[in-house]
Amino acid sequence: MKDIKRNLTMLCDYYELTMANGYHSCGIKDKTVYFDVFYRDNPDNGGYAIAAGLEQVVEYINDLHFDDDDIAYLRSKNCFSEEFLEYLKSFKFTGDIWAIPEGTVVFPGEPLMIVRAPVIEAQFIETYVLMMINHQSLIATKAARITRAAKGRAISEFGSRRAQGADAAMLGARAAYIGGCGFTACTISDEVYGVPATGTMAHSWVQMFDSEYEAFKTYCTIYPNNATLLIDTYNVLESGLPNAIRVFKELGITKCGVRLDSGDVTYLTKKIRKMLNDAGLTECRIVVSNSMDEYIIRELIRQGAEIDAFGVGERLITAKSDPVFGGVYKVCAIENEDGTIIPKIKISENVGKITTPHFKKIYRLRGRDTGKAEADLICVYDETVDDTQPIEIFDPEHTWKRKVLENFTATELLVPVFKNGEQVYKLPALIEIREHCKEEIEGMWDEVRRFTNPHNYYVDLSEKLWQIKHDMIAKFRNSKSKK
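Residues numbered from 1 in each chain as written. Predicted model: local features only at pLDDT ≥ 70, side-chain atom pairs only at ≥ 80, totals over all residues. Heavy atoms only, no water.

## Here we look at the overall build of the protein
- Within the protein one finds 17 helices and 21 strands.
- Expressed as lengths along the three principal axes of its C-alpha atoms, the size of the protein is roughly 85 × 60 × 40 Å.
- The contacts in the protein between residues at least 6 apart in sequence include a share of 73% that link residues at least 24 apart.
- Accessible area for the protein stands at about 22,500 Å²; split by element, carbon and sulfur atoms hold 49% of it.
- Put simply, the protein has 59 plus and 70 minus side-chain charges, and the middle of one group is 4 Å from the middle of the other. (Helix = DSSP H or I, 4+ residues; strand = E, 2+ residues; numbered from the N terminus. Contact = heavy atoms within 4.5 Å. Areas by Shrake-Rupley, 256 points an atom, 1.4 Å probe, with all protein chains shown as cover. Lys, Arg positive; Asp, Glu negative; His and termini not counted. Charge placed at Lys NZ, Arg CZ, Asp CG, Glu CD.)

Written out as structure tokens, the structure is:
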């Protein structure tokens, strides 16, 4: 990845700083805490999500520091003690982080990341961690849906001009590549992250010439190995396609393509395919764009549209149908000086917002015979799963729903990323993350991958963790009833 240096330490919510100053002032800045990063609902009512954004979190943690300008700005707010500002001059992350690798299929309620650190450090990184994981997980998940809808046809991410800012365009292209898109129109995402950039012409190219034929011939003469022509500037069947065929034939180009950005796509592509075949251009690819998403793509294919590749823009780069991933950052435990871990829970009248306490680990249980994921099991950190023995899992909300799994493998999902502030995880290449994502999705049952009413994949709690959680809820309710 190309190195671009920016100090993003101050990209945080202001309350991270007021709390940090408060922790420093009351003498608990070094208290060790555990935070979970998790989300509550799958985007688009889907069956799963794709974890992404870890690489940018790692880069942020490694470069975490306050420079003189930052300190001067904070002093100008007349809100922070001089002792706190002095402390910030040598601030760095010294804690531990575990995370689920990018490209992994994940589910609501699972810790995508666990942060163990002095409270002042753990609290401070909340904003940036959530921003990176929420955004890229959202786009990677949307891209995975769109890619699956295309049934093997190439998908190019075309959304930069609709993205909410430069970083959204760049990192959105990265996340889309993880989720399965093969290319991007965003050049800098190729330069910086290695996402293959692609593109040919806009309608303005065609309009710059006296005739469509001249525009096409000029382009193909300059780019004979990238000869994809946009044929809907004037009239697709009466002008655009005949001129494209004429140019291809005159220049002897057979590795070519035509692109359609408007009109009745199913009707036009069927006509285009026949005309191309009749002209002997059977290998000419048909590319379509124009506000595509997984549902439109699926319907076009169902209708028999003749399409080889899709360009997908605004509905991918903004995840337009469900544009908020909803990841949260919640404290789950505090560690005493003697190493004892004390679980913490957030209670809410909204049952969905009650957190799962304690320092945890996650196992993915897969059938040995099928290789398919059957369930995930969230355990207390000191528990282990013996996959040589049968295991009974149960629904944490409807505990009478139980199932005994046999002949399965148990794999821990969380991996160490930082230890005592030092990076211990080797970041994989982007192409490796993409391949991992593909394998992860293939490892899910078709019922979980459905776009509509997907099967509810089980994320269960161990008996020990379930009991701890419900004992804490009961204790809270009992103390409340006595008041």
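## Details of the nonpolar core
- Residues Phe-248 and Phe-310 are the most contacted members of the largest nonpolar core, which totals 142 residues.
- The greatest single-element share of this core, amounting to 12 residues, is contributed by helix H6 (residues 126-149).
- Sequence-distant contacts of Phe-310, defined by excluding residues within four places in its chain, comprise Ala-150, Arg-153, Ala-154, Ile-155, Ser-156, Val-288, Met-292, Ile-297, Leu-300 and Ile-301.
- Judged by nonpolar contacts, the second largest core, of 11 residues, contains Ala-375, Leu-377, Ile-391 and Ala-410. (Core = buried A, V, L, I, M, F, W, Y, C linked by side-chain atoms within 4.5 Å. Buried < 20%, exposed > 50% of the residue type's maximum accessible area, 1.4 Å probe, protein only.)

## Some points on the side chain of Thr-32
- Of note, Thr-32 is situated in strand S1 (residues 32-38).
- Once residues lying within four places of it in the same chain are set aside, the contact partners of Thr-32 are Arg-116, Ala-117, Pro-118, Ile-334 and Glu-335.

## Structural notes on empty space enclosed by the protein
- By the definition in use, this model includes 2 cavities of 30 Å³ or more.
- The calculated volume of the largest cavity comes to roughly 60 Å³.
- Ala-51, Ala-52, Gly-53, Leu-54, Ala-99, Ile-100, Glu-102, Leu-112, Met-113 and Ile-133 are the residues that line the largest cavity.
- Per-class residue counts for the lining of the largest cavity are 8 nonpolar, 1 polar and 1 charged.
- Size it by volume and the second largest cavity reaches roughly 30 Å³.
- Leu-17, Ala-20, Phe-66, Phe-84, Tyr-87, Leu-88, Phe-91, Ile-120 and Phe-124 together form the lining of the second largest cavity.
- Mapped onto the lining of the second largest cavity, the elements with two or more residues apiece are helix H1 (14-25), helix H4 (82-88) and helix H5 (119-124).
- Among the elements that line the lining of the second largest cavity, the one with the most residues is H4, at 3 residues.
- For the lining of the second largest cavity, the residue count by class is 9 nonpolar, no polar and no charged. (1 Å grid on protein atoms, 1.4 Å probe; cavity = no way out; pocket = protein on both sides within 12 Å on 5 of 7 lines; lining within 4 Å. Points joined across faces, edges and corners; volume = space filled by probe spheres on them. Nonpolar A, V, L, I, M, F, W, Y, C, P; charged D, E, K, R; others polar.)

## Some details on the pattern of salt bridges
- Counted according to the given criterion, the structure contains 32 salt bridges.
- In this structure, Arg-364 and Asp-376 form a salt bridge, with 2.7 Å as the shortest nitrogen-oxygen distance. With Arg-364 in strand S14 (residues 360-367) and Asp-376 in strand S15 (residues 373-380), the pair connects residues that are 12 residues apart, well separated along the chain. Residues Arg-364 and Asp-376 agree in their burial class; the two are buried.
- Each member of the salt-bridge network shares a partner with another, and the members are Asp-44, Lys-142, Arg-145 and Glu-294. (Salt bridge = Lys/Arg side-chain N within 4 Å of Asp/Glu carboxyl O.)

## Observations concerning the sheet that holds strand S21 (residues 458-461)
- The mixed open sheet is built from 4 strands, whose spatial order is S18-S14-S15-S21. In this open sheet, the two edge strands, each paired with only one partner strand, are strand S18 (408-412) and S21. For this sheet, the mean inter-axis angle between neighbouring strands, taken without regard to orientation, is 25°.
- Where S14 meets S15, 7 bridges bridge the pair, whose relative direction is antiparallel. When the bridges of S15 are listed, Arg-366 appears paired with Ala-373. (Pairing = 2+ DSSP bridges. Axes fitted to C-alpha atoms, helices over the stretch in contact; angles between N-to-C directions.)

Take it as geometry only, folks, not as evidence of what the structure does.
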